Amino acid sequence: MSTENLPQSPEQPSRKPRVAVVFGGRSSEHGISVVTAGAVLKAIDRTKYDVLPIGITQDGRWALTADEPERMAIIDRRQPSVDLLAESGEGGVILPVDPANREVVYSEPGSVPKALGEVDVVFPVLHGPYGEDGTLQGLLELSGVPYVGSGVLASAVGQDKEYMKRVFTSFGLKVGPYLVIRPREWQQDEPAARKKIVDFAGEHGWPLFVKPARAGSSIGITKVDDLSGLDEAIAEAQRHDPKILVEAALRGREIECGVLEFEDGPRASAPAEIPSPDAHAYYDFEAKYIDSTPGIVPAPLTPEETAEVQCLAVDAFEAASCEGLVRADFFLTEDGEFVINEINTMPGFTPISMYPQMWQASGVSYPELVDRLVQAALRRSTGLR
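I will try to describe carefully the structure that is included in this document.

Parameters at a glance
- Residues numbered from 1 in each chain as written.
- Predicted model: local features only at pLDDT ≥ 70, side-chain atom pairs only at ≥ 80, totals over all residues.
- Heavy atoms only, no water.
- Pairing = 2+ DSSP bridges.
- Helix = DSSP H or I, 4+ residues; strand = E, 2+ residues; numbered from the N terminus.
- Axes fitted to C-alpha atoms, helices over the stretch in contact; angles between N-to-C directions.
- Buried < 20%, exposed > 50% of the residue type's maximum accessible area, 1.4 Å probe, protein only.
- Contact = heavy atoms within 4.5 Å.
- Polar contact = N/O pair within 3.5 Å; in protein donor to acceptor, adjacent residues only side chain to side chain.
- Parallel < 35°, antiparallel > 145°, perpendicular 65-115°, else oblique.
- Left-handed = near helix turned anticlockwise from the far one by under 90°.
- Nonpolar A, V, L, I, M, F, W, Y, C, P; charged D, E, K, R; others polar.

## Side note on the sheet that holds strand E6 (residues 114-118)
Working step 1: Read across the sheet, three strands follow the order E4-E5-E6 without closing on themselves; strand pairing throughout is antiparallel. Each edge of the open sheet carries a strand with a single partner, namely strand E4 (92-94) and E6. Averaged over all pairs of adjacent strands, the angle between their axes in this sheet comes to 25°, without regard to strand direction.

## Describing the pairing of strand E16 (residues 338-344)
Working step 1: Among the seven residues of E16, seven are classified as buried, and the element is accordingly described as predominantly covered.
Working step 2: Relative to E16, strand E15 (residues 325-333) runs antiparallel, the two being bridged by six bridges. Pairing of Arg-327 across the sheet is with Asn-344, part of E16.
Working step 3: Between E15 and the antiparallel strand that follows it, E16, lie four residues; Gly-336 among them carries a positive phi value of about 80°.

## So, the environment of Lys-16
Working step 1: Looking at the element boundaries, Lys-16 is found in the segment before strand E1 (18-24).
Working step 2: For the pair Lys-16 and Gly-216, spaced 200 residues apart in sequence, the C-alpha separation works out to 34 Å.
Working step 3: For Lys-16, the contacting residues outside a window of four places in its chain are Arg-46, Thr-47, Lys-48, Tyr-49, Asp-50 and Asp-120.
Working step 4: A polar side-chain atom of Lys-16 sits 2.9 Å from the main-chain carbonyl oxygen of Arg-46.

## Quick look at the sheet that holds strand E11 (residues 244-248)
Working step 1: Ordered by their spatial adjacency, four strands build an open sheet running E8-E11-E9-E10, and the pairing between neighbours is antiparallel. One side of each edge strand has no neighbouring strand; the edge strands of this open sheet are strand E8 (178-181) and strand E10 (222-224). The sheet shows a mean angle of 25° between the axes of neighbouring strands, taken without regard to direction.
Working step 2: Relative to E11, E8 runs antiparallel, the two being bridged by four bridges. If you follow Tyr-178 over to E11, its bridge partner there is Glu-247.
Working step 3: Packed on one face of the sheet, helix H5 (residues 161-170) meets E8, strand E9 (208-212) and E11 and runs near 140° to E8.

## Observations regarding the packing of helix H7 (residues 190-204) against helix H8 (residues 230-238)
Working step 1: Running from N to C, H7 and H8 point in directions that differ by 115°, and their axes come no closer than 12 Å. Classified by the interaxial angle, the pair formed by H7 and H8 is roughly perpendicular. Here H7 runs over H8; the crossing is right-handed. Contacts between H7 and H8 involve Arg-194, Ile-197 and Val-198 on the former and, on the latter, Leu-230, Asp-231 and Ile-234.
Working step 2: When grouped by side-chain class, the residues that make up the contact of H7 with H8 number four nonpolar, no polar and two charged.

Okay, structure coming up:
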């Protein structure tokens, strides 16, 4: 039977890719994640993408939120939260777990679940545990939904500062002296664990930096100048993570460099220098996000130093098997040597954050940066790659 005279179905208009911006989360960096999401929502090209904002509350509920970036800012030193943005106090967003189905569903108690449409890519702007550490990335891999940024392994390595340093050392990158105190050590023999730290200080000198092993945004970090401040610093770090990291202070300049995935591979940005903030002992949370201590972009380095730190940043990106983006943080010591401190697989991403500023100085605007990250995610498949 010929089909020539049968009525033809009209061609379906091609739809724009739908981007789910996922933010908030259960970590102590919840508020900064919301601020980052506001900046991304404001910058993303609405003529090119459909956008679905999804917030995760501090108790772990996935909420449908208002698409109102202006409500996602730090105002009067107060951080925003998903609870204040959620359209309902009880409703929840459910991601698919079937790779053949990318339909997102919204459900409220006593109501018929509502389909929100398919999601083509997730832009996770979560910071810290339960989001930046490979947990969300694993969920998205199971769902078969592409996402911005690094995969499960690189995200986990980038979150755990101990294993990050182990990976870097195995690839020949220089790291500073450090000590790890695991929860079991502290629970089984607290005096012995404390003595390890005191002995470490005896070997490397004061001050020390005591920090959570798996946190970011400088939260929970204390600069300890002598023995009298040690116990309080340990308690503060353990409030955020039962595993703590102790680092010797490195004397030198703080240099940061961004890495971005282009079509032909990762490239490094112009580096930045973080000057010592006048009102703070070091570049802590308040200096970064509340008082907005400005960095120097580009960093006043020699051409040779700039080329070296850019090369090292890309090396760190590759060593940890990162994808999408990374901010690599270094110390340039008084001996002229670059020592890597850490990488962030989802760095601070507000327009005033150093990562976007470094790319702005490299000719990539904030909206273009967002677009490049989404496009890189759309080019990749989930699964082994």
